[in-house]
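Chain by chain, the residues run as shown.
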Amino acid sequence: MPSFKNTVTKDINMPEFWVSTVSYGGQSAATFYGDSKAEAKGRGDEYIKSQSRSKQFIGDNGDNGNGYQTIEE
């Protein structure tokens, strides 16, 4: 099953900024910039969190009768 990965590096074109590249299953999904490494990482992590909440999967344990079960936090 594919998963998200958040990679944070200095921007090669604008070295005063940090860039967070979020990939999903090996393909780029989103890019975020920040003034600090922590800011860029936080933006990428928030994106991953929001995307993970919206994912649904089909399951037969504890489903709600329609075949779908949302991921509970």
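Bear in mind that the values here come from a model prediction, so they are computed numbers and not experimental data. (Residues numbered from 1 in each chain as written. Predicted model: local features only at pLDDT ≥ 70, side-chain atom pairs only at ≥ 80, totals over all residues. Heavy atoms only, no water.)

Chemist: I'd like a description of the overall build of the protein chain, backed by residues and values.
Modeler: Along the protein chain, the regular secondary structure elements total 1 helix and 5 strands. In the protein chain, the succession of α and β elements from N to C terminus is β-β-β-α-β-β. Put simply, the protein chain has 73 residues, and 18% of those count as buried. Excluding contacts between residues fewer than 6 apart, the proportion of contacts in the protein chain whose partners are at least 24 apart in sequence is 17%. Accessible surface computed for the protein chain: about 5400 Å², of which carbon and sulfur atoms make up 51%. (Helix = DSSP H or I, 4+ residues; strand = E, 2+ residues; numbered from the N terminus. Buried < 20%, exposed > 50% of the residue type's maximum accessible area, 1.4 Å probe, protein only. Contact = heavy atoms within 4.5 Å. Areas by Shrake-Rupley, 256 points an atom, 1.4 Å probe, with all protein chains shown as cover.)

Chemist: Explain the pairing of strand 3 (residues 27-34) to me, and be specific about the residues and the numbers.
Modeler: In this structure, strand 2 (residues 18-24) lies alongside strand 3, joined through 7 bridges in antiparallel fashion. Considered in strand 3, the bridge of T21 is made with T31. Following strand 2, the chain reverses through 2 residues before pairing antiparallel with strand 3; G25 in that reversal takes a positive phi of roughly 65 degrees. (Pairing = 2+ DSSP bridges.)

Chemist: Explain the packing of aromatic side chains to me, and be specific about the residues and the numbers.
Modeler: Tallying each qualifying case throughout the model produces 3 aromatic pairs. Centre to centre, the rings of F4 and Y24 are 4.6 Å apart; their planes meet at 45 degrees, and the pair counts as tilted. With a gap of 20 residues between them, F4 in strand 1 (residues 4-10) and Y24 in strand 2 connect regions that are remote in the sequence. Pairing F4 with Y47 gives two aromatic rings, centres 6.4 Å apart and planes at 90 degrees, and the pair type is edge-to-face. With a gap of 43 residues between them, F4 in strand 1 and Y47 in helix 1 (residues 37-54) connect regions that are remote in the sequence. (Phe/Tyr/Trp six-rings, centres within 6.5 Å; stacked < 30°, edge-to-face > 60°.)

Chemist: For the sheet that holds strand 3, give the residues involved together with the corresponding values.
Modeler: Taken together, the 3 strands give an open sheet; going across it, the order is 1-2-3, and neighbouring strands pair in antiparallel fashion. Every other strand in the sheet has two partners, leaving strand 1 and strand 3 as the edge strands with one partner each. Within the sheet, the average angular offset between the axes of one strand and its neighbour, ignoring direction, is 20 degrees. (Axes fitted to C-alpha atoms, helices over the stretch in contact; angles between N-to-C directions.)

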